[in-house]
Amino acid sequence: MSEPRPRAAVTGIGVVAPNGSSTETFWKSTREGISVLDRVTREGCEQLPLRVAGQVRDFDPAATIEERFLVQTDRFTHFAMAAADLALDDARLPRSETDEAPFSVGVVTAAGSGGGEFGQRELQQLWGKGSRFVGPYQSIAWFYAASTGQISIRRGFKGPCSVVAADEAGGLDALAHAARAVRRGTDVIVAGATEAPIAPYSVVCQLGYPELSTVDDPTRAYRPFTSAACGFVPAEGGAMVVVEAESTARERGAPVRAHLAGHAATFTGASRWEESREGLAQAVRGALAEAGCAPEEIDVVFADALGVPEADRAEALAIADALGAHGTRVPVTAPKTGIGRGYCAAPLMDAAAAVLSMEHGLIPPTPNVFDICHDLDLVTGRARTAEVRTALVLSRGLMGSNSALVLRHGATDASS
């Protein structure tokens, strides 16, 4: 008889988000439904059609990251390194412990755009002054794999390392990669996603997305599941988590905050939002099957919430398709409407919020959203008290990926 697979547990969470540069401030703002969406103030973006975004305003990378790493990396990697530090501290994994077994710790991140701000600066040097003025780190700082590489180098992690180069749903896929690595025998994986898309070059690239909102009122620019839905607004920041074998965590006395119980992904094509109904529903069914979870066991759904009428309708129908009658009764939330949609980082921040929701017995509200026009029990206004044992996190990408993740409370006995 074969031995059971190790259970993939979340033991540490680190968040750097527009509504807080620590996990504690992120959760406080999220549970209170505070919206921090505001006019874009990043230099060089003032005259661009994108008017509203979620910017990280209280983050000082120099306070936590060594200068030698700062000069080689873009803002999106600064977020990743800082969030990884927070997650590792939260998981009670001091450097001395990981130094003893460096090959037992790996890193996996997801990224949609890479280091646009760094790349733009160096290209401006090239065009304006010549090749001698381009820094040696241009070749790596913009690269979507930079965060995985720099976290592993900085912390001395020599275990399995990888990167998911994908659209928004890649954030959940990175967590699935981490869970599978743990089940294959790796002790610890630092996993997550961060983005920094609020820079001139990056914004210009995003203007090609028809789903992008260019409304200039922060309270109306991003209102999914309403008749006033007009697209999404981008955000920067993200989250990193420590994923490890439950047995390893318990041996060293680290609390198990959640289990990565089930995941599945599908693909339905770029901007084919009506077709995403079937693809997302199939991803949910696959995640439930891997988790051994019945539809009625889902206590909350963290929605993708694109903010495009066709996409919102498809998501509402997909939830009903996959969860049956329970799909119209289960509480649904989209706290990202208060901070913006951070591409690959968006579902990571949702996953972090889902774990915190299970721990605190609170379902956070959906800021700026009131007049729901779909058959959903969307939590709005204020947080809702509830016993949350199992959460479903959904994500879709602009290029057509669909992903679903089932999270179980750390004290839940159900097998992952």
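Refer to the preceding data block for the structure.
Below you will find a few notes about this structure. Fair warning: this is a prediction, and the values are worked out from it, not measured in the lab.

## Here's the deal with the state of the cysteines
- Here the structure, examined in full by the defined rule, presents zero disulfides.
- Cys-344 forms no disulfide, and the closest cysteine sulfur to it belongs to Cys-205, at a distance of 15 Å.

## Details of the pattern of salt bridges
- Overall, the coordinates contain 23 salt bridges when judged by the stated rule.
- Among the salt bridges present, the one from Glu-117 reaches Arg-42, with a minimum N-O distance of 4.0 Å. A residue pair is termed long-range when its members are at least 10 positions apart, and Glu-117 in helix α5 (residues 116-128) and Arg-42 in the loop between β2 (38-39) and β3 (52-53) qualify at 75 residues.
- Across the pair Arg-257 and Glu-359 runs a salt bridge, and its minimum N-O distance is 2.7 Å. With Arg-257 in the loop between α10 (246-251) and β8 (258-267) and Glu-359 in helix α13 (residues 345-360), this pair connects stretches of sequence that are 102 residues apart.
- When its relative accessible area of 13% is taken as the criterion, Arg-257 is described as buried.

## Here we look at the packing of aromatic side chains
- This model, assessed by the stated rule, comprises five aromatic pairs.
- On the numbers, 6.4 Å between centres and 50° between planes, the contact of Tyr-209 with Tyr-343 is tilted. Here Tyr-343 lies in the loop between β10 (331-333) and α13 and Tyr-209 lies in the loop between α9 (200-206) and β7 (237-245), a separation of 134 residues in the sequence.
- A ring pair is formed by Phe-232 and Tyr-343, whose centres lie 5.8 Å apart and whose planes are at 90°; its orientation type is edge-to-face. With a gap of 111 residues between them, Phe-232 in the loop between α9 and β7 and Tyr-343 in the loop between β10 and α13 connect regions that are remote in the sequence.

## Examining a negative patch on the surface
- Together, Glu-274, Glu-275, Glu-278 and Glu-310 give the surface a local cluster of negative charge.
- Looking at the negative patch, the element that brings in the most residues is helix α11 (residues 273-291), giving three residues.
- Looking at where Glu-310 falls in the secondary structure, it is placed in helix α12 (residues 309-323).
- Exposure remark for Glu-310: the relative accessible area of 46% places this residue in the partly exposed category.

What counts, and where the lines are drawn
- Once a new chain begins, its residue numbering starts again from 1 and follows that chain's sequence as written.
- Totals for whole chains, interfaces and linings use all residues, but because this is a predicted model, local features are given only for residues with pLDDT of at least 70 and pairs of side-chain atoms are given and counted only at 80 or more.
- Computation of side-chain values: all heavy atoms of the structure, hydrogens and water removed.
- Only a pair of cysteine sulfur atoms within 2.5 Å counts as a disulfide in this structure description.
- Every case where a carboxyl oxygen of Asp or Glu lies within 4 Å of a side-chain nitrogen of Lys or Arg is listed as a salt bridge.
- The numbering of helices and of strands both runs from the N terminus, where a helix is a DSSP run of H or I of at least 4 residues and a strand a run of E of at least 2.
- Only protein chains enter the accessibility calculation, which uses a 1.4 Å probe; a residue whose area is less than 20% of its type maximum is buried, one above 50% is exposed, and one in between is partly exposed.
- Each Phe, Tyr or Trp ring (for Trp, its six-membered ring) is paired with any other whose centre lies within 6.5 Å, and the angle between the two planes then decides the class: stacked below 30 degrees, edge-to-face above 60, tilted in between.
- What makes a patch is a set of residues exposed beyond 30% relative accessible area and free of salt bridges, joined within 9 Å when like-charged and within 5 Å when nonpolar (Val, Leu, Ile, Met, Phe, Trp, Tyr).
- For the area figures, the Shrake-Rupley method with a 1.4 Å probe applies, and any residue is considered shielded solely by the protein chains shown.
- The positive count covers Lys and Arg only, the negative count covers Asp and Glu only, and His and the chain ends enter neither.
- Charge positions are represented by NZ for Lys, CZ for Arg, CG for Asp and CD for Glu.

Treat this as a map of the structure, not an account of what it does.
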